[in-house]
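Residue-level structure breakdown
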Amino acid sequence: MGIFLIILLFAGSGGLLGYLAQRLKRHSNPLVEQIDNLLPQTQCAQCGYPGCRPYAQAIANGQADINQCPPGGQQTIDALAELLGAESTSLNTSFGETKSGQVAFIHESQCIGCTLCIKACPVDAILGASQLMHTVITQECTGCELCIEPCPVDCISLLASPDASHST
């Protein structure tokens, strides 16, 4: 009898949570989705927002200009202008400059395993463990440079991307 009541309680709680999730679900803005799909997904925060999605929301809300994304470069600015029916402008260089495709490289013999680069990487492209050498998964690295500054031994460099798809 006790197990039956527990099962009934869990089933009722699960049903209530499912109902509330559907009832309270935020409806996404299709314009935000379209803008976000045009952004490079580097999650580098150079635009002044913590990632591509928040930047897309700011553009859709009229709170940010379309020319704040250095990794996306002119190609992204032009695509955003076309989507929004706005005039294309050049990159606002106060947010940075467009660079050719690059990826981080860890000089493994110098790495002390501090994990600061792992914590800084917004796309989880660095593999390693505390007190052990780290390495970059080049297929995942967006070249955002966020791992370089926290490295206490300066063992991270940027190299040209071996994959042309990383270039802007």
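Below is a summary of the structure that appears in this document. If you're wondering where the values come from, they're calculated on a predicted model, not measured in any experiment.

Along the protein chain, the regular secondary structure elements total five helices and four strands. When the helices and strands of the protein chain are listed from N to C terminus, the series reads α-α-α-α-β-α-β-β-β. Residues counted as buried form 30% of the 168 residues belonging to the protein chain. For the protein chain, restricting intrachain contacts to residue pairs at least 6 apart in sequence, the fraction spanning at least 24 positions comes to 55%. Surface summary for the protein chain: the accessible area is close to 10400 Å², and the carbon and sulfur share equals 56%.

Considering all chains together, one arrives at three cavities of 30 Å³ or more under this definition. One number sums up the size of the largest cavity: a volume of about 70 Å³. When its residues are assigned to classes, the lining of the largest cavity shows eight nonpolar, two polar and one charged.

Of the residues making up helix α2 (residues 30–38), those classed as buried are V32, I35 and D36. Relative to the axis of α2, the buried residues are bounded by an arc of 100° and lie together on one face. With respect to the buried face of α2, the exposed residues turned more than 90 degrees away are P30 and N37. Contacts made by the buried residues of α2 are with α3 (52–60) and α4 (73–84). Measuring from the backbone nitrogen of L31 back to the side-chain oxygen at the start of α2 gives 2.8 Å, which picks out N29 as the cap.

Moving on, we get to the pattern of salt bridges. Side chains that differ in charge, positive against negative, can pair when their charged atoms come close. On inspection of all chains with the given rule, the structure shows two salt bridges. Close ionic contact of E33 with R53 constitutes a salt bridge, the shortest N to O distance being 2.9 Å. A residue pair is termed long-range when its members are at least 10 positions apart, and E33 in helix α2 and R53 in helix α3 qualify at 20 residues. K99 is paired through a salt bridge with E145; the nearest N and O atoms lie 2.5 Å apart. A residue pair is termed long-range when its members are at least 10 positions apart, and K99 in the loop between α4 and β1 (102–106) and E145 in the loop between β3 (135–136) and β4 (156–160) qualify at 46 residues. Look at K99 and you get partly exposed, because its relative accessible area is 42%.

Rules of the game
- Residues numbered from 1 in each chain as written.
- Predicted model: local features only at pLDDT ≥ 70, side-chain atom pairs only at ≥ 80, totals over all residues.
- Heavy atoms only, no water.
- Helix = DSSP H or I, 4+ residues; strand = E, 2+ residues; numbered from the N terminus.
- Buried < 20%, exposed > 50% of the residue type's maximum accessible area, 1.4 Å probe, protein only.
- Contact = heavy atoms within 4.5 Å.
- Areas by Shrake-Rupley, 256 points an atom, 1.4 Å probe, with all protein chains shown as cover.
- 1 Å grid on protein atoms, 1.4 Å probe; cavity = no way out; pocket = protein on both sides within 12 Å on 5 of 7 lines; lining within 4 Å.
- Points joined across faces, edges and corners; volume = space filled by probe spheres on them.
- Nonpolar A, V, L, I, M, F, W, Y, C, P; charged D, E, K, R; others polar.
- Arc of directions from axis to C-beta.
- Polar contact = N/O pair within 3.5 Å; in protein donor to acceptor, adjacent residues only side chain to side chain.
- Salt bridge = Lys/Arg side-chain N within 4 Å of Asp/Glu carboxyl O.

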